[in-house]
Amino acid sequence: MDIAIWNALFSLCLWLDRAPLAKQAMMGAQSFDIAIAGGGLSGSLITLALAARRPEIRVALVDAGTIGGNHVWSFFGTDVAAGDRARVDPLVAARWDDGYDIAFPTYSRTLGTSYRSITSERLAMAVSAALPEDAVFTRCPVTALDAGGLTLADGTRIEAGAVIDARGLAREHLSHLRGGWQKFTGQMVETSGPHGLARPVVMDASVTQHDGYRFVYCLPFSETSVFVEDTYYSDGPALDPDLLKSRVADYAAARGWQIAALSRTETGVLPVVTGGDFAALWRDVPDGVALAGTRAGLFQPLTSYSLPDAVRFASMIADLPDLSGPAIAAAAKAHAQAHWKAGRFYRMLAAMLFGAARPDERYKVLQRFYRLDEGLVERFYAGKSTPFDMARVLAGKPPVPLSRAIKVLAGIGAPGHLGAREQG
């Protein structure tokens, strides 16, 4: 064998033998301008906004699982500002421009607002295209973070000039919040023939009410694929996935759909916030670390809807003139504080829903709401209700007993702390 070839093979074998150690050393030595803990919706959107608007900034995105997880995030076309649509549109897996349907026991309606859905797969693809391979860390739990970077479970240290914690609402934070729960199981149903849905059914509350306010949600991804989600506004977080899956199957059968296959299943339990201590959410945050997403309380309190706020927050961060750690942390807290203050109206409505309405009659609150102006409904979901919208929602005969409503406003009978209710 030629000596040059032999030397090349020997060098290759030596490199392969040392590659894992070299990679580990390289990872330990990596440094970035911004490190983001949490590759869910908020963390990924911040990453994409920075990549698009501030390409000179080196960003690391770290997640304990996979980027995006296993989710379908849906939103109305009016939820996203015109300036952000070019960044959000590539993430959309399905879009419907002919409106959506709602149904209640004594009222149904078609509204003209467009609707969109993002899947975790599309989000992960976008992040992969936006960041270098060595800047995305998956299946890497963060065990500690501080203003100077992140420490991973395997001991790897990622140094950064700024750190953003977007890992979702932590369990210990629930004791600082009051409210109820929105819980759901969704399945992508593949039907043996066309299902016949022309547009989404965002809320079908004509179904039998169980465990609080129940509705079913249907998104027709194709002629034979429909995502069906069984959702509940309940007093407690306990969820039986098998029971909800059986109800999804029963709903499909009632619609005349024969299930040929199930291609995805998603389950979640989200807080519906009626009150709490905003300052406590930030009490144990390390100095110089920014919070983002639901961890910062950035979601619509009544709907648990986070995408509009995640898009707005990502744009705010990317547009900051100063992207140092202290500047980002200060801007994030100010943004979240303003959001909490603006959410007072929605928290009051959530308190009415859980505290003043009987569980099996909660649907009446939403049934009345959907009789209102379409623009008002759009602004409500986007978390942008005007003072006139608020007055209009509250005007007229309340859909809950007046005596109970007065007690809830006085703090009597309002939902308790979420942490205690989760443990109970």
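Visitor: Tell me what's going on with the pattern of salt bridges, and back it up with residues and numbers.
Guide: In total, this model carries 20 salt bridges according to the counting rule given. In this structure, the salt-bridge partner of Asp 165 is Arg 295, at a minimum N-O distance of 2.9 Å. In this pair, Asp 165 is assigned in strand β11 (residues 157-165) and Arg 295 in the loop between β17 (289-291) and α7 (307-318), connecting sequence segments 130 residues apart. We classify Asp 165 as buried; its relative accessible area is 3%. Here Arg 312 ties to Asp 309 by a salt bridge, and the two come within 3.1 Å at their closest N and O atoms. In this pair, Arg 312 and Asp 309 both sit in helix α7, 3 residues apart, roughly one turn of the helix. Given a relative accessible area of 23%, Arg 312 falls into the partly exposed group. Taking relative accessible area as the criterion, Asp 309 reaches 7% and is therefore assigned buried.

Visitor: Outline helix α5 (residues 241-254), supporting the account with residue identities and numerical values.
Guide: An α-helix turns once every 3.6 residues. As a result, residues three or four positions apart point the same way. Under the 1.5 Å per step criterion, the end-to-end length of α5 is 20 Å for 14 residues, consistent within 8% with the ideal 20 Å. Every buried residue of α5 is listed here: Leu 244, Arg 247, Val 248, Tyr 251 and Ala 252. Down the axis of α5, the buried side of the element spans an arc of 140°, and every buried residue falls inside it. α5 presents Asp 242, Asp 250 and Ala 253 as exposed residues on the side facing more than 90 degrees away from its buried surface. Buried residues belonging to α5 abut β12 (177-191), β13 (201-204), β14 (213-222), β15 (225-234) and β16 (259-276). In this structure Asp 240 caps α5, since a side-chain oxygen of it lies 3.2 Å from the backbone nitrogen of Asp 242.

Visitor: Could you give an account of the confidence of the model for the protein, with specific residues and numbers?
Guide: In this model, the protein carries an average pLDDT of 90, and 91% of its residues clear a pLDDT of 70 or more. Every residue in residues 1-28 is under pLDDT 50, and counting partners more than four places away or in other chains gives 7 contacts.

Visitor: Go over the sheet that holds strand β6 (residues 107-111) with me, naming the residues and quoting the values.
Guide: Within a sheet, neighbouring strands are paired by backbone hydrogen bonds and run either parallel or antiparallel to one another. Strand order in this open sheet of 7 strands is β6-β5-β13-β14-β15-β12-β16, and the pairing throughout is mixed. Since the sheet does not close on itself, it has two edges, and those belong to β6 and β16, each with one partner. Neighbour-to-neighbour, the strand axes of this sheet turn through a mean angle of 15°, independent of strand direction.

Visitor: Quick rundown of the nonpolar core? Include the residues and the values.
Guide: Generally speaking, a soluble globular protein has its nonpolar side chains buried in company with each other. If you look at the biggest cluster of nonpolar residues, it comprises 110 residues, and the most contacted ones within it are Phe 369 and Tyr 370. For this core, the leading source of residues is α7, giving 7 residues. Contact partners of Tyr 370, with chain neighbours within four places excluded, come to Tyr 100, Ile 102, Phe 104, Tyr 107, Arg 109, Leu 111, Val 202, Met 203, Val 377 and Tyr 381.

Visitor: Before we move on, could you go through unusual backbone geometry and cite the residues and values that matter?
Guide: Positive phi is not limited to glycine here, since Arg 139 has a value of about 55°. Locating Arg 139 in the fold gives a position in the loop between β8 (136-137) and β9 (142-146). A relative accessible area of 61% means that Arg 139 is categorised as exposed.

Visitor: Account for the pairing of β6, naming residues and giving values.
Guide: In terms of strand pairing, strand β5 (residues 100-104) meets β6 through 5 bridges, oriented antiparallel. Directly across from Ala 103, in β6, lies its bridge partner Ser 108.

Visitor: Tell me about α7, and name the residues and values.
Guide: Along its 12 residues, α7 runs 17 Å from first to last C-alpha, staying within 8% of the 16 Å computed at 1.5 Å per residue. Along α7, 10 of the 12 residues are buried, which leaves the element largely enclosed by surrounding structure. Residues of α7 that are buried: Leu 307, Pro 308, Asp 309, Ala 310, Val 311, Phe 313, Ala 314, Ser 315, Ile 317 and Ala 318.

Visitor: A description of the sheet that holds strand β7 (residues 115-119) should follow, citing residues and the corresponding values.
Guide: Ordered by their spatial adjacency, 3 strands build an open sheet running β3-β7-β4, and the pairing between neighbours is antiparallel. Of all the strands in the sheet, the pair left with one neighbour each is β3 (72-76) and β4 (92-96). Along the sheet, successive strands turn relative to each other by an average axial angle of 20°, direction set aside. Packed onto the sheet, helix α4 (residues 120-130) meets β3, β4 and β7 and runs at close to 65° relative to β7.

Visitor: Provide a residue-level description of the packing of helix α9 (residues 344-355) against helix α13 (residues 402-409), including the pertinent values.
Guide: At a minimum axis separation of 10 Å, α9 and α13 run at an interaxial angle of 130°. The orientation of α9 with respect to α13, classified from their angle, is oblique. Here the hand of the crossing between α9 and α13 comes out right-handed. Along the contact surface, α9 presents Met 348, Ala 351, Met 352 and Gly 355, while α13 presents Ala 405, Val 408 and Leu 409. Of the residues belonging to the contact of α9 with α13, the class tally is 6 nonpolar, 1 polar and no charged.

Visitor: An account of the side chain of Gln 187 is requested, with residue identities and associated values reported.
Guide: Structurally, Gln 187 is set in strand β12. Gln 187 gets classed as buried once you look at its relative accessible area, which sits at 5%. In this structure the side chain of Gln 187 is engaged in a polar contact, spanning 3.2 Å, whose partner is the side chain of Thr 265. Leaving out residues up to four positions away in the same chain, Gln 187 has contacts with Val 226, Phe 227, Val 228, Lys 245, Val 248, Leu 262, Arg 264 and Thr 265.

Visitor: Lay out the packing of aromatic side chains in plain terms, naming residues and giving numbers.
Guide: Taken as a whole, this structure holds 21 aromatic pairs when the rule is applied. Taken together, a centroid distance of 5.4 Å and an interplanar angle of 35° make the contact between Tyr 213 and Phe 215 tilted. Just as Tyr 213 is buried, Phe 215 falls in that class too. The ring of Trp 340 has Arg 347 lying over it, and the distance from NZ or CZ to the ring centre is 4.1 Å.

Cut-offs and rules
Residues numbered from 1 in each chain as written. Predicted model: local features only at pLDDT ≥ 70, side-chain atom pairs only at ≥ 80, totals over all residues. Heavy atoms only, no water. Salt bridge = Lys/Arg side-chain N within 4 Å of Asp/Glu carboxyl O. Helix = DSSP H or I, 4+ residues; strand = E, 2+ residues; numbered from the N terminus. Buried < 20%, exposed > 50% of the residue type's maximum accessible area, 1.4 Å probe, protein only. Expected span 1.5 Å × (residues − 1). Arc of directions from axis to C-beta. Contact = heavy atoms within 4.5 Å. Polar contact = N/O pair within 3.5 Å; in protein donor to acceptor, adjacent residues only side chain to side chain. pLDDT = per-residue confidence, 0-100. Pairing = 2+ DSSP bridges. Axes fitted to C-alpha atoms, helices over the stretch in contact; angles between N-to-C directions. Core = buried A, V, L, I, M, F, W, Y, C linked by side-chain atoms within 4.5 Å. Parallel < 35°, antiparallel > 145°, perpendicular 65-115°, else oblique. Left-handed = near helix turned anticlockwise from the far one by under 90°. Nonpolar A, V, L, I, M, F, W, Y, C, P; charged D, E, K, R; others polar. Phe/Tyr/Trp six-rings, centres within 6.5 Å; stacked < 30°, edge-to-face > 60°. Lys NZ or Arg CZ within 6 Å of the ring centre and 35° of its normal.

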